[in-house]
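# Summary of the model geometry
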Amino acid sequence: MGNDAVKMERLEAHRAVIGDGFEIRRAVPNRHCRMIGAWCFLDHAGPVRYKPGKGLNIGPHPHIGLQTFTWMIEGEVLHRDSLGCVQLIRPGQVNLMTAGRGISHSEESPLGRTGRFHSTQLWIALPDAERHREPDFHHYPALPVIDRGGFRVTVLAGTCDGEISPARVYTPLVGLDIATRGRAQCTLPLNPSFEHAALTLEGAPDLNGDLLEPGTLLYLGTGHGSLELNSPAKSRVLVIGGVPFGEEILLWWNFVARTPAEMEAARRDWIEGERFGQVHGASGKPLIAPELKGLNPGGARK
Ligand code: MN
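Notes on the structure in this doc start here. (Residues numbered from 1 in each chain as written. Predicted model: local features only at pLDDT ≥ 70, side-chain atom pairs only at ≥ 80, totals over all residues. Heavy atoms only, no water.)

### Comments concerning the sheet that holds strand S13 (residues 145–148)
Reading across the sheet, the seven strands line up as S1-S22-S19-S24-S17-S14-S13 and stay open at both edges, with antiparallel pairing between neighbours. Edge positions in the sheet fall to strand S1 (9–12) and S13, since each has one partner strand and no second. Looking at each pair of strands side by side, their axes are set apart by 20 degrees on average, direction ignored. The pairing of strand S14 (residues 151–157) with strand S17 (residues 173–180) spans five bridges and is classified as antiparallel. Considered in S17, the bridge of Val153 is made with Ile178. (Pairing = 2+ DSSP bridges. Helix = DSSP H or I, 4+ residues; strand = E, 2+ residues; numbered from the N terminus. Axes fitted to C-alpha atoms, helices over the stretch in contact; angles between N-to-C directions.)

### Structural notes on the coordination of the manganese ion
Geometry sets the ideal angles at a metal, namely 109.5 degrees for four tetrahedral donors and 90 or 180 degrees for six octahedral donors. Around the manganese ion, the donor atoms from the protein are His61 (NE2), His63 (NE2) and His105 (NE2), and they sit 2.1 to 2.2 Å away. Between the donor residues of the manganese ion, the gaps in sequence give the motif H-x1-H-x41-H. As far as burial versus exposure is concerned, His61 and His63 are alike and both buried. (Donors = N, O, S within 2.8 Å, 3.2 Å for Na, K, Ca; no water. Buried < 20%, exposed > 50% of the residue type's maximum accessible area, 1.4 Å probe, protein only.)

### Considerations on the packing of aromatic side chains
By convention here, two paired aromatic rings are described through the distance between centres and the angle between planes. Applying the stated rule across the entire model yields eight aromatic pairs. With a centroid separation of 5.0 Å and an interplanar angle of 75 degrees, the aromatic rings of Phe22 and Phe117 are classed as edge-to-face. With Phe22 in strand S3 (residues 22–28) and Phe117 in strand S11 (residues 115–125), this pair connects stretches of sequence that are 95 residues apart. Look at Phe41 and Trp123: their rings are 3.8 Å apart centre to centre, the planes differ by 10 degrees, and that puts the pair in the stacked class. With Phe41 in strand S4 (residues 39–50) and Trp123 in strand S11, this pair connects stretches of sequence that are 82 residues apart. Taken together, the aromatic side chains of Trp252, Trp253, Phe255, Trp270 and Phe276 make up a single cluster linked through ring pairs. (Phe/Tyr/Trp six-rings, centres within 6.5 Å; stacked < 30°, edge-to-face > 60°.)

### Here we look at the pattern of salt bridges
By the definition in use, this model includes 13 salt bridges. Of the charged contacts, one joins Arg90 and Glu76 as a salt bridge, the two residues approaching to 3.3 Å between their closest N and O atoms. Highlighted residues: Arg90 in the loop between strand S8 (86–89) and strand S9 (94–98) and Glu76 in the loop between strand S6 (66–74) and strand S7 (77–81), separated in sequence by 14 residues. Judged by relative accessible area, which is 17%, Glu76 ranks as buried. In this structure, the salt-bridge partner of Glu291 is Arg267, at a minimum N-O distance of 3.7 Å. Of this pair, Glu291 sits in the segment after helix H1 (260–271) while Arg267 sits in helix H1, placing them 24 residues apart in sequence. Residue Arg267 is classed as buried on the basis of its relative accessible area, which comes to 17%. (Salt bridge = Lys/Arg side-chain N within 4 Å of Asp/Glu carboxyl O.)

### A few points about the sheet that holds S4
Across a sheet, paired strands are connected by hydrogen bonds in the backbone, their directions being either parallel or antiparallel. Strand order in the open sheet made by the seven strands is S2-S3-S4-S11-S6-S9-S12, with antiparallel pairing throughout. Of all strands in the sheet, those with a lone pairing partner are strand S2 (14–18) and strand S12 (136–140), marking the two edges. Neighbour-to-neighbour, the strand axes of the sheet open up by a mean angle of 20 degrees, direction not taken into account. The pairing of S2 with S3 spans five bridges and is antiparallel. Paired with Ile18 across the two strands is Phe22, which belongs to S3.

Here it is as structure tokens:
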């Protein structure tokens, strides 16, 4: 459902700013593609070199109804949350926070650090039966890797070619990071019942014979049983997919819900200091909820 029944489409990522002035590119949601499976949000940050004090600094803020999935490629980020988890994430690692009924967290570059930064943060919508569950947080220090035709394929979520990610998700989905330092070629199996999309994080490889431009999400739709990647030089591609979600969601600010009334209740609880607990030790100020307006039932999807 959704996504305008498009078979294949190139979708431009748009620039956005997070925290106090950190610029990223947001590939999902997009006017023409609200979700890929349960993946409902995709920010790509870097690669960039930041100066001291100019790294990521996102103060405490709440989430409901989703999982935040952070994949670190270069640099480090310190996560703190209202469950008391304090976790530094390093390259090659995943942080997976399940908001469920409500959690708050902060994300910042470690103090005094300067250097390269390259990461993606994705959100995964929780299905109705799971979205009110208790919050939790998991750090995955290592993910399974497949070496194939010069590519290094990291199975971030779901399965690929017999390798299974330990990341706990609640709908059938997949996430792959496919990287090479030089010329490479490979074919990987895909689940044809999933819809898939690919985003180039670095370089400009070919996917199934189509050039993948940096900053452009290639939406592939369903029915693809394999993926062929050709890269003339260093490149990195993120591939995400999943069973079409099948539930209408609302996405507003940091919340995924089903009705405007749920959004209003979550916003009010954040303002009043209810439900979302406390994040201790964050260097950034708590984020202020924006005004809630223009939110129609089903308005987050066409
Ligand atoms: Mn967050």
